[in-house]
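# Overview (structure and organization)
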Amino acid sequence: MIGVFDSGFGGLTVHRALIGALPERDFVYLGDNRNAPYGSRPPIDVLNLTCAALERLFAEGCTLGVVACNTASTVALRWIQQQWLPVRRRDDGVVRNVIGIVVPTIEAATGIKQSGTIAVFATRRTVESDCYPIEIRKRRPDITVVQQACPELAGSIERGLPRRDLHALVDRYVSELLRKLAAAPECVILGCTHYPLVADLFAAALPSGVPTIHQPDATARALKAYLDRHPEYDGSHAGRRKFLSTGFSPEALPLIEKFWGDEVPFVQA
Ligand code: DGL
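Keep in mind that this is a model prediction, so the values were computed, not measured.

## Looking at the pairing of strand β7 (residues 187-191)
- β7 sits mainly inside the fold: 5 of its 5 residues count as buried.
- Of the two faces of β7, the one holding Cys187, Ile189 and Gly191 and the one holding Val188 and Leu190 are both buried throughout.
- Two strands pair when backbone bridges link them, and strand β5 (residues 116-122) and β7 are joined in this way by 5 bridges, in the parallel orientation. In the strand pairing of β7, Val120 is matched with Ile189.

Encoded structure:
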């Protein structure tokens, strides 16, 4: 069983791609809606909430967790992989692992560019973590990374702001980023679960021809490759799906449909 975790419903953009790539696998999705958004929370909260969510997914029988949330991946995942998981493994003797969304995104971004600048748009907390610049520099010190926090964007998408208002917001963030650069970036990372919904607005605001990494597809490719290399997480192949939310309410149905493209049978976690 594979567990997919996000702060809320935005991770459904990633989850959909994972299911598309691995339709035969069993998946549990957990959205921590009661505590969302994570993007403006203190890092210690993000860390504790992410551990609690992973515990919940393990209790569901998951041996592999995918953190689909950029904020949780950038703030908490390294510590979870290096400090928390080894203790969990030692205590209960079960082989489990957790992977995130940052490395697949970086691999896709550095794969298409030779040198120059990668631009990252993300939540405030993701930008402050410096995770994207640090991880990109480890692989490719010749690449410059310029980040732009978009503190209002995920919330505005969730609240269903009209497209023209989202357009104005994206234009503003793109202009702020471009002001920091002498030339157009060579590649753009939309580092938030919600931004695929406004990818067209980013494309329109950016100089033409700048490629944008599609995080859901990059993560799906990475998960497939990971499972090929790690048959120990093979698990069940009945195509079962379960959708859990810590704060489900029927008012969220239009938002869920926006991220998933259809109704999703969420139950309270
Ligand atoms: N899922 C979060 C992310 O990808 C966005 C929403 C939030 O701030 O919780 O960063």
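Continuing now.
## What to know about the pattern of salt bridges
- Under the criterion given, the structure shown has 17 salt bridges.
- Across the pair Arg163 and Asp200 runs a salt bridge, and its minimum N-O distance is 2.5 Å. In this pair, Arg163 is assigned in helix α8 (residues 163-179) and Asp200 in helix α9 (residues 199-205), connecting sequence segments 37 residues apart.
- Among the residues examined, Arg163 registers a relative accessible area of 41% and is labelled partly exposed.

## Thoughts on the pairing of strand β9 (residues 241-245)
- As judged from the 5 bridges shared by strand β2 (residues 27-31) and β9, these two strands associate in the parallel manner. Looking across to β9, one finds that Phe27 is bridged to Arg241.
- Two strands pair when backbone bridges link them, and β9 and strand β10 (residues 266-268) are joined in this way by 3 bridges, in the parallel orientation. By the bridge assignment, Ser245 is partnered in β10 with Gln268.
- With helix α11 (residues 253-260) bridging β9 and its parallel neighbour β10, the resulting β-α-β unit is right-handed.

## Re the packing of helix α2 (residues 43-59) against helix α3 (residues 70-92)
- One can describe the packing of α2 onto α3 by two numbers: an axis separation of 9 Å at closest approach and a directional angle of 55 degrees. Regarding the angle of α2 to α3, the classification is oblique. Judged by the sense of rotation from one axis to the other, the crossing of α2 with α3 is right-handed. Residue-level contacts link Pro43, Val46, Leu47, Thr50, Cys51, Leu54, Glu55 and Phe58 of α2 to Thr71, Ala72, Val75, Ala76, Trp79, Ile80, Trp84, Leu85 and Arg88 of α3.
- Split into classes, the residues belonging to the contact of α2 with α3 amount to 13 nonpolar, 2 polar and 2 charged.

## Describing the site of the ligand
- Within the structure, the ligand sits among Asp6, Ser7, Pro37, Tyr38, Gly39, Cys69, Asn70, Thr71, Thr123, Cys192, Thr193 and His194.
- Contact distances for the ligand include 2.7 Å between an oxygen atom and a side-chain N or O atom of Ser7.
- Between a nitrogen atom of the ligand and a side-chain N or O atom of Thr193, the distance comes to 2.8 Å.
- Coverage of the ligand by the protein chains reaches 98% of its 300 Å² of free accessible surface.

## Structural notes on the sheet that holds strand β6 (residues 143-149)
- Read from one edge of the open sheet, 4 strands run β6-β5-β7-β8, paired in parallel fashion. On the outer flanks of this sheet lie β6 and β8 (212-213), each paired with one strand and no other.

## Quick notes on the sheet that holds β2
- Taken together, 6 strands build an open sheet; the order of strands is β4-β3-β1-β2-β9-β10 and the sheet is parallel. In this open sheet, the two edge strands, each paired with only one partner strand, are β4 (97-99) and β10. Averaged over all pairs of adjacent strands, the angle between strand axes in this sheet comes to 25 degrees, irrespective of strand direction.
- Bridge count for strand β1 (residues 2-6) against β2 is 5 bridges, and the pairing is parallel. Bridge assignment links Val4 to a residue of β2, and that residue is Tyr29.

About the criteria used
For every chain, the first residue of its written sequence is number 1, and the numbers climb from 1 along that sequence. Under the rules for a predicted model, residues below a pLDDT of 70 receive no local features and side-chain atom pairs below 80 are neither given nor counted, while totals for whole chains, interfaces and linings still include all residues. Hydrogens and water are ignored here; the side-chain numbers use all heavy atoms of the structure. Buried residues are those whose accessible area, probed at 1.4 Å on protein chains only, stays under 20% of the maximum for their type, while exposed residues exceed 50% and partly exposed ones sit between those limits. The way it works is that DSSP assigns letters per residue, a run of H or I at least four long becomes a helix, a run of E at least two long becomes a strand, and they are numbered from the N terminus. Here, a strand pair is defined by DSSP locating no fewer than two bridges between the strands. Only one rule defines a salt bridge in this text: a Lys or Arg side-chain nitrogen within 4 Å of an Asp or Glu carboxyl oxygen. Note on handedness: a crossover is taken as right-handed if, strands pointing away from the viewer, the path from the first strand over the helix to the second is clockwise. For helices, the fitted line uses only the C-alpha atoms of the stretch in contact; every axis is such a line through C-alpha atoms, and the angle between N-to-C directions lies from 0 to 180 degrees. Reported orientations rely on four angle classes, namely roughly parallel under 35 degrees, roughly antiparallel over 145, roughly perpendicular from 65 to 115, and oblique for the rest. With the far helix as reference, a near helix turned anticlockwise by less than a right angle produces a left-handed crossing, and one turned clockwise produces a right-handed crossing. Contacts are assigned to residue pairs with any non-hydrogen atoms lying within 4.5 Å of each other. Residues were grouped as follows: Ala, Val, Leu, Ile, Met, Phe, Trp, Tyr, Cys and Pro as nonpolar; Asp, Glu, Lys and Arg as charged; and all remaining residues, including Gly, as polar. Nearness is defined per residue: one heavy atom within 4 Å of the molecule or strand is enough. As used in this structure description, the phrase polar contact means that two N or O atoms lie within 3.5 Å; if the pair is within protein, one of them must be able to donate a hydrogen and the other to accept it, and residues adjacent in sequence are counted only when both atoms belong to side chains. Here the accessible surface of atoms and residues is derived via Shrake-Rupley with a 1.4 Å probe, and residues count as covered only by protein chains that are part of the display.

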